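# Survey of secondary and tertiary structure
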There are 2 protein chains.
Amino acid sequence: MRSIPHTESFPAHTPAASQVFTTVLSHGPLTRLEVARRAGLSAAAVTKAVRPLIGAGYLTEGADEDAPPALGRPANLVRVDGGRALFIGVKVTGDEIIGVLTDLCCRIRVARHVPLTDRDPRAVLASISDLAQELRTEADELGIQVVGLGLAVSGDVDRGEGVVRYSPFLEWRDVPLAELAAMTTGLPVTVDNDVRALTVAEQWFGAGAGLTDFAVVTVGAGIGCGLVVHGRVVAGAHGVAGEIGHVVVDPAGPRCHCGNRGCVEAIAGDAAIVARVREVTGVQVADTLEAVALAHRGDAGAREVYARAGDAIGRGIATVANLLGPERVIISGEGLAAYDLFAEQIRDSFAEAAFGSAARCDVRTRPLPFDEWARGAAATAIQSFIRAAD
Amino acid sequence: MRSIPHTESFPAHTPAASQVFTTVLSHGPLTRLEVARRAGLSAAAVTKAVRPLIGAGYLTEGADEDAPPALGRPANLVRVDGGRALFIGVKVTGDEIIGVLTDLCCRIRVARHVPLTDRDPRAVLASISDLAQELRTEADELGIQVVGLGLAVSGDVDRGEGVVRYSPFLEWRDVPLAELAAMTTGLPVTVDNDVRALTVAEQWFGAGAGLTDFAVVTVGAGIGCGLVVHGRVVAGAHGVAGEIGHVVVDPAGPRCHCGNRGCVEAIAGDAAIVARVREVTGVQVADTLEAVALAHRGDAGAREVYARAGDAIGRGIATVANLLGPERVIISGEGLAAYDLFAEQIRDSFAEAAFGSAARCDVRTRPLPFDEWARGAAATAIQSFIRAAD
DNA sequence: TTCTTTCATTGACGACGGAAAAGAAGGCAT
DNA sequence: ATGCCTTCTTTTCCGTCGTCAATGAAAGAA
């Protein structure tokens, strides 16, 4: 979180105002009274907090058209005007960067992706700037100002300082990305870990809205996990948290790139699945798509590999549930394309390995469009924008 | 947390006052300025918060006798007057109850334990009442009032409601223990899970003081874990949290009473160790004491069993570290008597299984006197006493 | 029309914490 | 000794925030 340039500031100067706004943001149109109830404030406080926000155009007011006629004065719903401001979210991977233009409600307006050929910070920065500029042009056409840029990078990221401490995929160490991007784009920049960014998006705009304790598990090339405890995203004292991918579920399992054996990722990560399918079936599948196709054609060996992956993921989730007791676990990720192949096994293994009431945790899935990661980045930018007032 | 009877109330009506008091409580005597710095308040606010607390006798003021003479006006240290109020903490196990009388600084003044023959809630309640009465007599002799009672029970406990939802060892279900104990003792009663209570004690008075993210791991008959994330003890949405004992570290391991294989507890719990030592060595050791003795005499088989237990615990801790990235892990428990037997293996396995920077987590041990569990219960009572003002 | 119900607003009020300045209590230098 | 300096502490003033309780507004119901 760093905001050198001044674009536009959010008029929520009090804790109550912030709380009111985020309540409306996460829980759709609400009456002022309902907002008060949810935010634990008095109705008067809400009225006062809402006024300047409506004045500045961030909130709008309107009756609920299709509401059943009820007794008493009709309610006036307060909602966020998504079109009041735009944000850019960019996810940087090892070989491409994905950018989205979202509104204040984190709805994607435009999505773009460009390949990345050079991982040098300066080259990546240039690509980010170009993409951001392109999206700003789109924003200009909509006639709405872009007021924040969020960047999501995998690895150890210090959001507070805006520094990428270490990113294995990009081979970066201590890159002050927020500062650099702020200089080239002139926007307030927020940098965060990709999984945490996705978790923020779920917390504010997704299946985690309103929950104080939940987990997001991403299945794909790597297996990641974002945790929300006591209503806040867990960052870890040393920058590491949510490393469900490197939880060991079988000490006798295959070796992982982290040096251990039987990590979840070493069994259920894309590379592991492809390698194992080749090994078991003898078919030289090139990637997950082919592996999935093989399994879908009914190949017993391939299906077995997916079942084992599901088992590993289910055990990993059970471990999270046993330790933290979240209300919900949201499974997402590119790997979800193969979800039918391991869904059952995930549930079975989870139910088996979850201890006592931990099994009551609501495990659900959520499709992950290719631009969802970038949307997560935008969500962090929105978060910073709203909190910048503090 | 429930306080039907009115004994005495704590005069901290503002958030700042609470924060100031807990800061002084956790960080020993401090100057007002230092308190302000640590609590994130202005010096003026501290002065104002401290006055009524001194007036009510909870805080005292005094110069630091053995301080090196420094420039400027000498500092006036503020400290908690431990003798201002007493608390009773009781840990209820399946076969005995342990009670302690502590002061406001959670220093143990008197400790007692009595065997428990009947696990029926009424019988247990009677024993608790008797023990509490006995300790109150001691308190009367000291001329200090007892202002709170804390009860620690293993299992699923709802602290907010003061209800023991389910305790396997006691075979209790939905026992409104706080209400019952409040009626018979006339004291405000706090009921909490035993491991969480111990964690509260560490957070306020032990190795967790000042940390916002740490874990307490208890090694003994069971393997438990208390977690503090974002400065608050994790309770779990469904009452379950910190079940490190049922994290599976080896799917091919021995069967656990929970139904799975290779849980940490099934490898490193007291019963598991005794059983395994018998199996490996052929010596029919009766309990952990004999098993430890055998290992200390150099029996290779027994030592191997302990090493394996250490490995399981180390892996379990690594899992916690990978998921939450705590600043510190505090290992404690009755099993610590055998610590020399598995310490090395815990460290090795932790270092091996911890991912990246998670290994930087400070893993330390802390001896656990027999009455420490009860002290944890007292700590929760102290916490409730201070917070009751809110 | 008037009452009832529910939602929303207003204005007075009190509490809380911060800023800044003054005060207090010592050492140190001249 | 006297005054200055440093550091800790207190005081006073003030702005902010959020609640309370009363009032207003907008419907349907009697």
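Please read these numbers as outputs of a predicted model, since none were measured by experiment.

Each value, and the rule that gives it
Residues numbered from 1 in each chain as written. Chains lettered and ligands numbered in written order. Predicted model: local features only at pLDDT ≥ 70, side-chain atom pairs only at ≥ 80, totals over all residues. Heavy atoms only, no water. Buried < 20%, exposed > 50% of the residue type's maximum accessible area, 1.4 Å probe, protein only. Helix = DSSP H or I, 4+ residues; strand = E, 2+ residues; numbered from the N terminus. Pairing = 2+ DSSP bridges. Salt bridge = Lys/Arg side-chain N within 4 Å of Asp/Glu carboxyl O. Phe/Tyr/Trp six-rings, centres within 6.5 Å; stacked < 30°, edge-to-face > 60°. Lys NZ or Arg CZ within 6 Å of the ring centre and 35° of its normal. Near = heavy atom within 4 Å. Polar contact = N/O pair within 3.5 Å; in protein donor to acceptor, adjacent residues only side chain to side chain. Nonpolar A, V, L, I, M, F, W, Y, C, P; charged D, E, K, R; others polar. Axes fitted to C-alpha atoms, helices over the stretch in contact; angles between N-to-C directions. Contact = heavy atoms within 4.5 Å. Domains from an automatic or database assignment. Buried area = accessible area lost by both parts, 1.4 Å probe.

Moving on: the pairing of strand 5 (residues 96-103) of chain B. On a regular strand, each side chain points to the face opposite its neighbour's, so the side chains alternate between the two faces of the sheet. Residue and element names in this part refer to chain B. In terms of burial, strand 5 is largely enclosed, as seven of its eight residues are buried. Where strand 4 (residues 86-92) meets strand 5, seven bridges bridge the pair, whose relative direction is antiparallel. Bridging from a neighbouring strand, Ile88 pairs with Leu101 of strand 5. As paired strands, strand 5 and strand 6 (residues 108-115) are joined by seven bridges and run antiparallel to one another. Counted as the bridge partner of Ile98 is His113 from strand 6.

A few words on the pattern of salt bridges. This model, assessed by the stated rule, comprises 42 salt bridges over all chains. Salt-bridge contacts for A:Arg308 lead to A:Asp250; the nearest nitrogen and oxygen are separated by 3.8 Å. Here the residue A:Arg308 occupies a position in helix 10 (residues 300-324), and A:Asp250 occupies one in the loop between strand 14 (232-233) and helix 7 (264-268), the gap between them amounting to 58 residues. A salt bridge links B:Asp174 to B:Arg165, with the shortest nitrogen-to-oxygen separation between them at 3.6 Å. Overall, the relative accessible area of 49% leaves B:Asp174 in the partly exposed class.

Let us now look at the packing of aromatic side chains. Per the counting criterion, the structure on display carries 16 aromatic pairs over all chains. The interplanar angle of 70 degrees and the centroid separation of 5.4 Å between the aromatic rings of A:Phe87 and A:Phe385 together place this pair among those described as edge-to-face. Here A:Phe87, found in strand 4 (residues 86-92), pairs with A:Phe385, found in helix 12 (residues 372-387); they are 298 residues apart in sequence, far enough to count as distant. Pairwise contacts between aromatic rings join A:Phe10, A:Phe21, A:Tyr58, A:Phe87 and A:Phe385 into one cluster. Above the plane of the ring of B:Tyr58 lies B:Arg84, whose end atom (NZ or CZ) is 4.4 Å from the centre. Against the face of B:Tyr166 rests B:Arg173, its NZ or CZ located 3.9 Å from the ring centre.

Bringing the protein's contact with DNA strand C into the picture now. Every one of the 25 residues lining DNA strand C counts as a neighbour, but A:Arg32, A:Gly72, B:Ser42, B:Lys48 and B:Arg73 are closest to it. Here DNA strand C approaches the protein such that, of its atoms within 4 Å, sugar and phosphate make up 68%. Between DNA strand C and A:Arg73, the relevant distance is 2.9 Å, taken from a base oxygen to a main-chain nitrogen or oxygen of the residue. Within the contact set of DNA strand C, a base nitrogen lies 2.4 Å away from a side-chain nitrogen or oxygen of B:Arg73. Those elements that provide at least two residues to the surface near DNA strand C are helix 2 (32-39) and helix 3 (43-55) of chain A together with helix 1 (15-26) and helix 3 (43-55) of chain B. In terms of residue count, the dominant contributor to the surface near DNA strand C is helix 3 of chain A (four residues). Looking at the surface near DNA strand C residue by residue, the class counts come to eleven nonpolar, eight polar and six charged.

A few words on the sheet that holds strand 7 (residues 146-153) of chain B. Residues and elements named next belong to chain B. Read from one edge of the open sheet, five strands run 6-5-4-7-11, paired in mixed fashion. The outermost strands of the open sheet, each flanked by one partner alone, are strand 6 and strand 11 (189-193). Sheet twist, expressed as the mean angle between neighbouring strand axes with direction ignored, is 20 degrees. Pairing of strand 4 with strand 7 involves seven bridges; the strand directions are parallel. From the neighbouring strand, Ile88 faces strand 7, where its bridge partner is Leu149. This element, helix 4 (residues 121-142), spans strand 4, strand 5, strand 6 and strand 7 of the sheet and lies at about 30 degrees to strand 5.

As a measure of interface size, the accessible area lost when the parts come together is often cited. Residue and element names in this part refer to chain A. According to the domain assignment, chain A consists of domain 1 (15-83), domain 2 (84-201 + 372-387) and domain 3 (209-365). Taken over C-alpha atoms, the centre of domain 2 sits 27 Å from the centre of domain 3. Each side of the interface is counted separately: domain 2 has seven residues, and domain 3 has 14 residues. Here domain 2 and domain 3 share an interface that buries about 790 Å² over both sides, 67% of which is from carbon and sulfur atoms. Looking only at domain 2, the three residues that lose the most surface to domain 3 are Val195, Arg196 and Thr199, adding up to 58% of its buried area. Residue composition of the side of domain 2 that touches domain 3, grouped by class: four nonpolar, one polar and two charged.

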